[in-house]
Amino acid sequence: MSPGRKPVLADITHRPQGRTSTPSSPLSSATCSVPGDENRSPARSLLEIFAAVNNKKRSLKLTSTDYSDISPQPQTSPRSKSALLPSATNALSLDNKPIQISRTHQPTFNLVSLTTRQQIYGRRRNIPVYLPTRSYMKDFNSRSNDVYTFVSWDGTTLVPPFSCAYNNVANEARNLAVGDEDGSVHIVDTKADESHPAKTLTIAAHKNAIFDLCWSKDDKRIITASGDKTAKLHDVETQRCIGTFSGHNGTLKSVSMKHCDDNIFATSARDGAVLIWDIRCSITTTPEGETIHRPANKLQNVHSGVRASPMKRTKQGDGPPLDGSNTASAVQYMVHNEHIVASTGTQDGSVKYWDVRKHGSHFKVENPTPLQTSTYVPTTKRSHGLVSMALSPDGSALYAVSSDNHVYMYNATNLGSPIRRFSGENFSCSSYYIKISVSPDGDYVATGSSKDLYVWEVNRPEEQPLVFEGPEKEVSGVDWAKDIGNGTQLSACSDDATVRTWKPAVYC
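1. A short note on the packing of aromatic side chains
The relation between two aromatic rings is expressed through the spacing of the ring centres and the mutual angle of the planes.
Phase 1 of the analysis: In the structure shown here, the tally under the stated rule is 10 aromatic pairs.
Phase 2 of the analysis: Geometrically, the ring pair formed by Phe427 and Trp456 is edge-to-face, given 5.2 Å between the ring centres and 90° between the ring planes. Of this pair, Phe427 sits in the loop between strand S27 (420-422) and strand S28 (436-438) while Trp456 sits in strand S30 (residues 453-457), and the two are 29 residues apart along the sequence.
Phase 3 of the analysis: Its relative accessible area of 4% is what places Phe427 among the buried residues.

2. Focus on the pairing of strand S33 (residues 490-494)
Phase 1 of the analysis: With five of five residues buried, S33 is to be regarded as a mostly interior element.
Phase 2 of the analysis: Of the two faces of S33, the one holding Leu490, Ala492 and Ser494 and the one holding Ser491 and Cys493 are both buried throughout.
Phase 3 of the analysis: Inspection of the sheet shows strand S32 (residues 475-480) paired to S33 by four bridges, in the antiparallel sense. Following the sheet pairing, Asp479 is matched in S33 by Ser491.
Phase 4 of the analysis: Where S33 folds back onto strand S34 (residues 498-502) in an antiparallel hairpin, the turn is made up of three residues, including Ala497, whose phi is positive at roughly 70°.

3. Topic: the sheet that holds strand S19 (residues 297-299)
Phase 1 of the analysis: Within the open sheet, the four strands sit side by side as S14-S15-S16-S19. Their pairing is antiparallel. Unpaired on one side and paired on the other, strand S14 (252-257) and S19 mark the two borders of the sheet. Adjacent strand axes in the sheet meet at a mean angle of 20°, parallel and antiparallel pairs treated alike.
Phase 2 of the analysis: Both strand S15 (residues 264-269) and strand S16 (residues 274-278) contribute to a ladder of five bridges, which runs antiparallel. Paired with Ser268 across the two strands is Val274, which belongs to S16.

4. Looking at the pattern of salt bridges
Phase 1 of the analysis: As enumerated under the stated definition, the model contains 10 salt bridges in all.
Phase 2 of the analysis: As a salt-bridge pair, Lys191 and Glu172 come within 3.4 Å of each other at their nearest N and O atoms. One end of the pair, Lys191, is in the loop between strand S8 (184-189) and strand S9 (201-204); the other, Glu172, is in helix H5 (residues 170-173), and 19 residues separate them in sequence.
Phase 3 of the analysis: On the basis of relative accessibility, which here comes to 33%, the residue Glu172 falls in the partly exposed class.
Phase 4 of the analysis: For Asp348, the salt bridge goes to Lys352, with nearest N and O atoms at 3.5 Å.
Phase 5 of the analysis: Classification of Asp348 by relative accessible area gives buried; the value is 12%.

5. Here we look at unusual backbone geometry
Phase 1 of the analysis: Cis geometry is found at the peptide bond from His196 to Pro197, where omega equals 5°.
Phase 2 of the analysis: Note that Pro197 resides in the loop between S8 and S9.
Phase 3 of the analysis: Positive phi outside glycine occurs at Asp452, with the angle close to 80°.
Phase 4 of the analysis: Position of Asp452 relative to the elements: it lies in the loop between strand S29 (444-447) and S30.
Phase 5 of the analysis: Taking the relative accessible area as the measure of exposure, Asp452 reaches 8% and is therefore buried.

6. Details of the state of the cysteines
Phase 1 of the analysis: Enumeration according to the criterion identifies zero disulfides in this entry.
Phase 2 of the analysis: Looking at Cys493, it has no disulfide partner, and the nearest cysteine sulfur is the one in Cys164, 3.8 Å off.

7. Remarks on the pairing of S34
Phase 1 of the analysis: With five of five residues buried, S34 is to be regarded as a mostly interior element.
Phase 2 of the analysis: The two faces of S34 match: Thr498, Arg500 and Trp502 on one face and Val499 and Thr501 on the other face are all buried.
Phase 3 of the analysis: In terms of strand pairing, S33 meets S34 through five bridges, oriented antiparallel. Bridging from a neighbouring strand, Ala492 pairs with Arg500 of S34.

Rules used in this analysis
- Residues numbered from 1 in each chain as written.
- Predicted model: local features only at pLDDT ≥ 70, side-chain atom pairs only at ≥ 80, totals over all residues.
- Heavy atoms only, no water.
- Phe/Tyr/Trp six-rings, centres within 6.5 Å; stacked < 30°, edge-to-face > 60°.
- Helix = DSSP H or I, 4+ residues; strand = E, 2+ residues; numbered from the N terminus.
- Buried < 20%, exposed > 50% of the residue type's maximum accessible area, 1.4 Å probe, protein only.
- Pairing = 2+ DSSP bridges.
- Axes fitted to C-alpha atoms, helices over the stretch in contact; angles between N-to-C directions.
- Salt bridge = Lys/Arg side-chain N within 4 Å of Asp/Glu carboxyl O.
- Disulfide = S-S within 2.5 Å.

Structure representation (structure tokens):
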């Protein structure tokens, strides 16, 4: 451990109410719960069903009788993987045909396969029944080995992380890139214990804070958005900057890569503009050898109008708060139409769609008209802005976090009023640095808050969120691991200078 470095925190628990100390152990056995949900009965038999299905190589289709036969198994300790396996003497009945399961069979715990949208059904009076996996989310743990801290370049202080993003392919999508206040990118292998800090890769990306970052589809490059008003493209293998993108007049807040083309991406900033970049063109080289890119297209003043309620604080490189500023807080390339980018603002509380073929600098329109605009439904007398947004993996739903302490879900193909709204008893969004992320199956949405990490089940908006405690200060950057073969995990950045990862208890 480096001198002056803050000790790694002990095992944590995540519960929705209170903070009572619990004895630490090599593995945290605490569970996540919600108010009014004290009796936990995980449907462990789902693992048995999927194990049997994998052996028989047939689709899972439960009858009303089968559904009624699924009863919760006695809770087992998450410390033993074998405890989750069915007994060798027990048989599982599918379509009235007994199937023997060998104890040597090791069913892979796969949260994604358990939660893939509308693929797990029961049948009750010929009506599809969604089998929730909320109980498995409650078993997510964060151990002491899952807490990461980063030290400043001079080795004297811990640096707060602001953004994080999992890679797409390599290492079972368990490489986590973290952008911090000093402008560094740290790449952590969250799959291997004791890999940090010895095996953590650090890239000196900017001289100012990094507020957002994303990976290319092949994991060879990372794009960063910084408070120094530039975005940069980095080669992960050589750890070198291979392109600087200059054109904004304010701090960059968000970056989004085009889904079908790694050469094109969009950024949004506090100057109220959304810029489109193409890494193949608009290139100049400085005498020092630095490659500078100019924007391929520029949309100005994408959000303006109603004054939003001011936020509480700022961060290094972001300057003083601009009350009523025209900030474009987030940008997102859409899946259903590759020419459309979505943007959110800190003023008007709406999502706007822009067709880059019809809007932009080449039309010389100072205040362009969006292709579509969502309907803003204020929950208070004061207007509120949208802080960040995320797209579901299939591109059908768009989620946005609002400073009115709600998360809104929109139909991505036809903007209008929100189709669902999520909130929590203690959920609070008090700054424009809080991020949101959707699970790789599209069934859960996670977001930071003034304190703690909140997770909602998309199909059950009326339920209270799962609350993962541990961070002592505001939680900003959030992301889910994208791998679909070995379950999933999620990580979050906090102003207490830590990054925490939560994993299924079966893997802890």
